[in-house]
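Report on the structure
Read off the chains here:
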Number of protein chains: 2
Amino acid sequence: MALITPRTLSGFMELLPEAQKKMQRLMGTLRESYALYGFTPLDTPVIEAADVLLAKGGGETEKQIYRFTKGDSDLALRFDLTVPLAKYVALHYNQLAFPFRRYQIGKVYRGERAQRGRFREFYQADIDIVGDGKLDIMNEAEIPAVIFHTFRALGLRHFCIRVNNRKLLNGYFAMLGLEDRSGDVLRIIDKLDKVGRDRVEASLREEAGLAGETASQVLDFLACPGDSQDKLRFLEGFLGRNDTFDQGWRELSTVVEYMGAFGVPRENFQVDLTIARGLDYYTGTVYETTLTNYPEIGSVCSGGRYDNLAEYYTSRNLPGVGISIGVTRLFYVLQEQGLLSRDLLTAPADALVLPMGAGCTAFAVETATALRQAGVRVQVYFEDRKVKQKLSYADKAGFPFVLLIGEEEAAAGLVSLKDMGSGVQERLSPAEAARRIQSALAGARTCPVIREG
Amino acid sequence: MALITPRTLSGFMELLPEAQKKMQRLMGTLRESYALYGFTPLDTPVIEAADVLLAKGGGETEKQIYRFTKGDSDLALRFDLTVPLAKYVALHYNQLAFPFRRYQIGKVYRGERAQRGRFREFYQADIDIVGDGKLDIMNEAEIPAVIFHTFRALGLRHFCIRVNNRKLLNGYFAMLGLEDRSGDVLRIIDKLDKVGRDRVEASLREEAGLAGETASQVLDFLACPGDSQDKLRFLEGFLGRNDTFDQGWRELSTVVEYMGAFGVPRENFQVDLTIARGLDYYTGTVYETTLTNYPEIGSVCSGGRYDNLAEYYTSRNLPGVGISIGVTRLFYVLQEQGLLSRDLLTAPADALVLPMGAGCTAFAVETATALRQAGVRVQVYFEDRKVKQKLSYADKAGFPFVLLIGEEEAAAGLVSLKDMGSGVQERLSPAEAARRIQSALAGARTCPVIREG
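Because the structure is a prediction, the values reported are computed rather than measured.

What follows is about the overall build of chain A. Looking only at helices and strands, one finds 17 helices and 16 strands in chain A. For the C-alpha atoms alone, the extent of chain A along its principal axes is close to 90 × 55 × 45 Å. Contacts in chain A between residues far apart in sequence, at least 24 positions, make up 70% of those at least 6 positions apart.

Following this line, the structure appears as structure tokens:
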């Protein structure tokens, strides 16, 4: 028979068991953290009717989409979790209580050009709060708290949640008579981090048609120095000239004011007027989160306030605020930077039970059953191999503990518990072995997935 | 703007929040139970190269598959989790330790005709143990223990794991001179449960060409009465006439022998010679699991031993044993039968904090932050609505506890904790409220997802 070469498509992440265990922990932490803030889990199909998914249409998205027919149906794979949320909320509106807070962690698909660190299939982890008709600014103030708690639960300490308000920027541009070029200007200044002031200033002049002086004035405004309070004071000087600006200032002040009550420390939060976010979709507070020691990675958690989630599906006004973590890319980057903790348990189980002879199998199985009842994750090695091969298996798979069960142990109702880290071996009852394992592994069970250097 | 009608494709499950929470619990229980037996989590792409996925080719599968091109690539969505496992093991063979034990819970796709209770996108939850060259029979004996523990953890009591061995059947057919018709006979007797003895007997005669007497003899053999031990004794009478039969008998005896050591009670396990499983893929022990009070549902967890997992990708011999739960269908059936527990928490959070006036917001946020630090899942209701509307939101979303925070409470640093079930309301410190909530909800946090009547 001719063999087919097994392969995984490029741009599709497929992890080995040890890495997969870390990914599971990362996603488990996200689920727990989101749930702690009252977000309910949601799951929607990966495949949707193409006309539903592409209701907004146009742009980069449509080119990248996986679209195909099956029978008479024109289908597409979701490219984000926002459009499925919009569909969900419009479709099930009558059965939902608003504000509707959901999290969703799921795979999305974009046929991007394959390159290192870019994925065509990747997990996104989103939270959104959707209001019915209106949504209080306090929801925007809560989002940094969710980001802060989530990143701390992941094990990160050196990160900064950078916050801005679109109304401030749009209002300021209006003061300069640039309201009709707001979109272009936002798109250009969004690249400030990547390309630097000079190139942005050139683009503002050449692409957005700003006078040299105006471009420079805009950039001075955005670069205003100091901490969040200093910036709010600086912005205060512009009040009274534009209503949108004034509203943005009040919103941003509220967000900053409540950070303390939400438990977000000053070092993890700052107002940053250069945060623009490319999408014209956002209308109020916008968020980006950067790892302080790895600025080159860019934002790992972004989002913002939008005015109309489901405008393509319903005439109801459903404003909301949401953020998204690109989980697959984040995991890839953490792995590349060596930031994934080595203290996590990555073996298939906590302990491997090794029966050392045919007569020991029944007692080995009973021991495993007892350990599992005590909550210890156990694998029994049943293969008929030499002792050396058995131990080499335990080693290769990385089991922290091995329980050796020979004729003598079986007769006495005991096990020889070997700590694979220290090499220490002790003869114990199964119950005592279970207690030892549980207490030794308590730290590894709760340690965060990330460990910063 | 013309609106697009929001809709979800038929055959694609999309749950409301309450049901989704139950589904999460169900899948969480599966993950924990599989991990307790030393299965490591795996995740593989939903999209694979079509030639890789269809290496085996032919049959029903190929007609049902979602296949499409993107650029130059001929792609397909996975239709089960076994083929991706075969690819994974062949591709990463050198980095894996064997026996390789993995679980995978993921969506698979089959373009079946849409009908009630049939899904085109559905979750499967699989475990497999894959050996390198050989695999001890004890692995086959362990599988019923995993099924038993998993089903008990889900909350089920009335279920039966029915076990057979293909070698016994094939050996017996050979004794009757039917070895060349084994496949047909197996496929026909697999329908015994659904269509009854008379129709199977007719099919054995008409389709498989068995003499009337032989067909009846086969059916008498399969219907042998008694418990597992009785059946093994009955089968013992056939020993010495066919090597395959004899091996099957030894294997089945081993599986039965160890059930006690694995902690599987007699009432949840039985040898059933009528279990054939349609696929010719299986070569040893085969499993089906039925809910005793709902026989019409059929098997909810099936699988078996196979000799060569990855024969289309590698010349290595990789025997294994595995089972699969069709999670989406199981969930659908449990929901239909009213078997999902009502004791589970399905609200977005454990408690809703309700600030009753603008001056209470800061204290409400601080209270929520403190409760979250104590592990209580909390949502703050920030919207500016009437008290009645706020309480009606709490009611609609099903929060078990509400913390009312008015000017008086804020000034005193207290909260009014309302138990929404009993209606009882008490004024407490935030720390005391957290303790009350945690202790009241301890049961709901751990209760199984299924509650049998």
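To continue, consider the relation of the copies chain A and chain B. Here the two chain copies are tied together by a rotation about an axis and a shift along that axis. Rotating chain A by 180° about the axis while translating it 0.0 Å along that axis superimposes it on chain B, leaving an RMSD of 0.1 Å. Put plainly, the chains are arranged around a two-fold axis. Closest approach to the rotation axis within chain A is made by the C-alpha atom of Phe 68 of chain A, at a distance of 3.0 Å. Of the residues that chain A buries at the interface, 100% are likewise interface residues in chain B, meaning the two copies contact each other through the same surface.

Between chain A and chain B, the contact holds 73 residues from the first and 73 residues from the second. For the side of chain A that touches chain B, a count of residues per class yields 39 nonpolar, 16 polar and 18 charged.

For the rest of this paragraph, the subject is the nonpolar core. Ranked by size, the top nonpolar core spans 286 residues in total, and within it Ala 351, Val 353 and Leu 403 of chain A together with Ala 351, Val 353 and Leu 403 of chain B carry the most contacts. Ignoring any residue separated from it by four or fewer positions in sequence, one finds Val 353 of chain A in contact with Ala 364, Thr 367, Ala 368, Val 378, Val 380, Tyr 381, Leu 403 and Ile 405 of chain A.

Trans is the common state for peptide bonds, and a negative phi is the common state for residues other than glycine. A cis amide bond, omega 0°, links Phe 98 of chain A with the succeeding residue Pro 99 of chain A. Mapped onto the elements of the fold, Pro 99 of chain A is located in the loop between α4 (82-91) and β5 (100-109).

Below, the discussion takes up the environment of Gln 379 of chain B. All names here are of chain B. With respect to the secondary-structure elements, Gln 379 resides in strand β13 (residues 378-380). Classification of Gln 379 as buried rests on a count of 27 C-beta atoms within 10 Å. Separated by 29 residues in sequence, Gln 379 and Asp 350 place their C-alpha atoms 8.2 Å apart.

Okay, the sheet that holds strand β3 (residues 67-70) of chain B next. Residue and element names in this part refer to chain B. Strand order in the open sheet formed by three strands is β2-β4-β3, with antiparallel pairing between adjacent strands. Only two strands of the sheet have a single partner each, and these edge strands are β2 (47-49) and β3. Within this sheet the neighbouring strands show an average axis-to-axis angle of 40°, counted without direction. Where β2 lies against strand β4 (residues 73-77), three bridges are found, and the strand directions are antiparallel. What sits directly across from Ala 49, in β4, is Leu 75.

With that settled, consider the pairing of strand β7 (residues 159-165) of chain A. Residue and element names in this part refer to chain A. Among the seven residues in β7, six count as buried, and that is most of the element. Here seven bridges tie β7 to strand β9 (residues 282-291), and the two strands are oriented antiparallel to one another. Note on β9: the bridge partner recorded for Asn 165 is Thr 285. Bridge analysis of β7 against strand β8 (residues 269-271) gives three bridges, and the strand direction is parallel. Looking across to β8, one finds that Val 163 is bridged to Val 271.

Moving on, we get to the sheet that holds strand β2 (residues 47-49) of chain A. The strands that make up a sheet pair up through hydrogen bonds in the backbone, lying either parallel or antiparallel. All names here are of chain A. Pairing within the open sheet is antiparallel, and its three strands lie in the order β2-β4-β3. A single partner strand is all that each edge strand has here, and the edge strands are β2 and β3 (67-70). Between one strand axis and the next, the sheet turns by 40° as a mean value, whatever way the strands run. Judged from the four bridges that link them, β3 and strand β4 (residues 73-77) form a sheet pairing that is antiparallel. By the bridge assignment for β4, Arg 67 is matched with Ala 76.

Below, the discussion takes up the packing of helix α9 (residues 197-206) of chain A against helix α10 (residues 212-222) of chain A. Residues and elements named next belong to chain A. Running from N to C, α9 and α10 cross one another at 135°; their axes reach a closest spacing of 9 Å. With respect to α10, the element α9 is oriented oblique. Classified by chirality, the crossing of α10 by α9 is right-handed. Note on element contacts: α10 touches α9 through Gly 212, Ala 215, Ser 216, Val 218 and Leu 219, opposite Arg 197, Val 200, Glu 201, Leu 204 and Arg 205. Here the residues of the contact of α9 with α10 are counted per class, giving five nonpolar, two polar and three charged.

For chain A, the mean per-residue pLDDT works out to 95, and 99% of the residues sit at or above 70. Under the prediction, the complex receives an ipTM of 0.96, its pTM being 0.96.

Residue and element names in this part refer to chain B. Two elements in contact, helix α11 (residues 228-236) and helix α12 (residues 243-257), have axes separated by 11 Å at closest approach and are oriented at 160°. As judged from the angle between their axes, α11 and α12 are roughly antiparallel. Between α11 and α12 the crossing geometry is left-handed. Residues Ser 228, Leu 232 and Leu 235 of α11 lie in contact with α12, whose contacting residues are Trp 249, Leu 252, Ser 253 and Val 256. Among the residues forming the contact of α11 with α12, the class breakdown is five nonpolar, two polar and no charged.

When the terminal C-alpha atoms of helix α1 (residues 17-36) of chain A are compared, their 28 Å separation across 20 residues agrees well with the 28 Å that a helix rising 1.5 Å per residue should span. Listing the buried residues of α1 of chain A in full gives Pro 17, Gln 20, Lys 21, Lys 22, Met 23, Gln 24, Arg 25, Leu 26, Leu 30, Ser 33, Tyr 34 and Leu 36 of chain A. Considering only its buried residues, α1 of chain A is in contact with β5, β6 (121-130), α5 (137-154) and α13 (327-336) of chain A together with β1 (40-41) and α14 (361-373) of chain B. Immediately downstream of α1 of chain A, the backbone of Gly 38 of chain A shows phi near 80°, a positive value.

The next thing to look at is the pairing of strand β6 (residues 121-130) of chain B. Remark: a regular strand shows side chains that alternate across the two faces of the sheet. Residues and elements named next belong to chain B. Judged by how many residues are buried, β6 sits mostly within the fold: ten of ten residues are covered. Alternating positions in β6 separate into two faces, Glu 121, Tyr 123, Ala 125, Ile 127 and Ile 129 on one and Phe 122, Gln 124, Asp 126, Asp 128 and Val 130 on the other, with burial throughout. Bridging between strand β5 (residues 100-109) and β6 involves ten bridges; their strand directions are antiparallel. Across the sheet, Ile 105 pairs through a bridge with Ala 125, a residue of β6. One ladder, built from seven bridges, connects β6 with strand β11 (residues 320-326); its direction is antiparallel. For Asp 128, the partnering residue across the bridge sits in β11 and is Gly 322.

Residues and elements named next belong to chain A. An ideal rise of 1.5 Å per residue puts 26 Å on 18 residues; α5 measures up with 27 Å between its terminal C-alpha atoms. Among the 18 residues in α5, 16 count as buried, and that is most of the element. Phi turns positive, to about 110°, at Gly 155, one or two residues after α5.

What counts and how
- Residues numbered from 1 in each chain as written.
- Chains lettered and ligands numbered in written order.
- Predicted model: local features only at pLDDT ≥ 70, side-chain atom pairs only at ≥ 80, totals over all residues.
- Helix = DSSP H or I, 4+ residues; strand = E, 2+ residues; numbered from the N terminus.
- Contact = placed C-beta atoms within 7 Å.
- Least-squares fit on C-alpha atoms with pLDDT ≥ 70 in both.
- Nonpolar A, V, L, I, M, F, W, Y, C, P; charged D, E, K, R; others polar.
- Core = buried A, V, L, I, M, F, W, Y, C linked by C-beta atoms within 7 Å.
- Buried ≥ 20, exposed ≤ 12 C-beta atoms within 10 Å, placed from the backbone.
- Pairing = 2+ DSSP bridges.
- Axes fitted to C-alpha atoms, helices over the stretch in contact; angles between N-to-C directions.
- Parallel < 35°, antiparallel > 145°, perpendicular 65-115°, else oblique.
- Left-handed = near helix turned anticlockwise from the far one by under 90°.
- pLDDT = per-residue confidence, 0-100.
- Expected span 1.5 Å × (residues − 1).

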